[in-house]
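One-letter residues, chain by chain:
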Amino acid sequence: MSNLTEINIKGYNNPEARWARFGPYYAMFPLDFAFEVVDKYSKEGDYILDPFAGRCSSIYAGGVLGRRSWGIEINPVGWLYGKVKLKPANENEVIERLKDIYSLRKKYKNQIKKLPEFFRYCFCNEVLSFLLAIRKNMNWEENEVDATLMSIILVYLHGKLGEGLSNQMRQTKSMGPTYSVNWWKKHNLTTAPEINPFEFILKKIKWRYAKGVPNITDSYVFLGDSSIEFDAIAKRAKKNKIKFSLLFTSPPYWGVTNYYTDQWLRLWLLGGTDKPESTGEKHKMRFNSKIDYYNLLETVFSNCAKVMAKNSSVYVRTDAREFTFKSTVEILKKCFPKSIINTKKKPFKSRTQTELFGDKSKKPGEIDIVLTYK
Ligand SMILES: C[S@@+](CC[C@H](N)C(=O)[O-])C[C@H]1O[C@@H](n2cnc3c(N)ncnc32)[C@H](O)[C@@H]1O
């Protein structure tokens, strides 16, 4: 597939559309937008680069439209969603693995009582023992089948009552434990829903694969920090004589989101701590330091500039707030001095993500910064 007119990504009626929405993630690109940018600013066979890939909307759109795309993502939740939707494992193997893991759950029953109370309000015992078995036995970093099963479970780990494995919760972002327990008490939801996790996840696997798997041109997403691990990626690109034609990304916004605490429950399932603790690592927090934030963007964009083709384009969607916007424009001008720069204000048409989570302060919206070769 190489042309946007040949693919309908609106519904769920073909594998590309069905897998495109895989992975609820805070601050993800609207799907149409990702496909339109790829279509307009690159051509079939080009290479696309996204150093802040999130759930890989840009890379996936590139892969569907016949571009070869590379992404880097630091958060294992986003990385897993991206890696799996670019190349889901064989359905039968995923189902067999689900059966294996489910059969181990009884061994973990007595560990439930060691978990903080939040977990017992959130999940019934059958789900909890299954999750503990998942947490201890899956090689999701290296094994494709485990990665696929794990990421499908992550998608449905929490959500609206009946739509996920949990008590009532948002799907995109994990709420804090104290907030959640108080909320469940206030709304008389102190008993977690009884769910058979095997039946529940089996149904979700079958639905996801019902139209097949997407046809994606060679595309990858690397797990890592793009300000540190970029050298290895640049070396690989050089070895394969690859130059990227489109840099299409959306960096984290200064002082807005902590992608680690937002996903703390999913990160727990991947082996992390049982409460939303800050890691203390600067690119895994809320990007509060202006200096660290500026340095991150400068390091990453100047690294990217070294692997871009001479007449490449750059498309960056970012926060309209002054510090993030001005820093990004300044850095991009330094890194791509031979390009023409245009900005397009994108005021939110609907409610913003943060507003949905209770923050009703007025938001200036987002801005697209587009650089094209002179
Ligand atoms: C605005 S989101 C990108 C969302 C993405 N466009 C999508 O559609 O899902 C920014 C992403 O940058 C990631 N990130 C932050 N610092 C990073 C770093 N140093 N290296 C790689 N990724 C990083 C965050 O984890 C987050 O997923």
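Residues numbered from 1 in each chain as written. Predicted model: local features only at pLDDT ≥ 70, side-chain atom pairs only at ≥ 80, totals over all residues.

Focus on the domain arrangement of the chain
Reasoning step 1: By domain assignment, the chain separates into domain 1 (4-87 + 221-252 + 287-373) and domain 2 (91-209).
Reasoning step 2: Each of domain 1 and domain 2 was reduced to a C-alpha centroid, and the two centroids are 30 Å apart.
Reasoning step 3: Taken together, the contact between domain 1 and domain 2 spans 12 residues of the former and 11 residues of the latter.
Reasoning step 4: Tallying contributions element by element places helix 4 (residues 76-86) first for the side of domain 1 that touches domain 2, with 5 residues. (Domains from an automatic or database assignment. Contact = placed C-beta atoms within 7 Å. Helix = DSSP H or I, 4+ residues; strand = E, 2+ residues; numbered from the N terminus.)

A look at the site of the ligand
Reasoning step 1: Taken together, 22 residues surround the ligand, and among them Met28, Phe29, Phe52, Gly54 and Ser57 come closest.
Reasoning step 2: Per-class residue counts for the shell around the ligand are 11 nonpolar, 8 polar and 3 charged. (Near = placed C-beta within 6 Å. Nonpolar A, V, L, I, M, F, W, Y, C, P; charged D, E, K, R; others polar.)

Comments concerning the sheet that holds strand 5 (residues 308-319)
Reasoning step 1: Pairing in this open sheet of 7 strands is mixed, and the strands run 3-2-1-4-5-7-6 from one edge to the other. The open sheet has two edge strands with one neighbour each: strand 3 (220-223) and strand 6 (339-346). Neighbour-to-neighbour, the strand axes of the sheet open up by a mean angle of 15°, direction not taken into account.
Reasoning step 2: Packing of helix 15 (residues 322-335) onto the sheet brings it into contact with strand 5, strand 6 and strand 7 (366-373), and relative to strand 5 it is tilted by some 175°. (Pairing = 2+ DSSP bridges. Axes fitted to C-alpha atoms, helices over the stretch in contact; angles between N-to-C directions.)

Thoughts on unusual backbone geometry
Reasoning step 1: For Asn188, which is not glycine, the phi dihedral falls at a positive 55°.
Reasoning step 2: Its place among the elements puts Asn188 in the loop between helix 9 (177-186) and helix 10 (197-209).
Reasoning step 3: For Lys241, which is not glycine, the phi torsion reads 55° and is therefore positive.

Digging into helix 7 (residues 125-137)
Reasoning step 1: Here helix 7 spans 18 Å end to end across 13 residues, near enough to the 18 Å set by a 1.5 Å rise per residue.
Reasoning step 2: Within helix 7 the residues assigned to the buried category are Val127, Leu128, Ser129, Phe130, Leu131, Leu132, Ala133 and Ile134.
Reasoning step 3: The inward-facing, buried residues of helix 7 contact helix 5 (91-103), helix 6 (117-122), helix 8 (144-155), helix 10 and helix 13 (264-269). (Expected span 1.5 Å × (residues − 1). Buried ≥ 20, exposed ≤ 12 C-beta atoms within 10 Å, placed from the backbone.)

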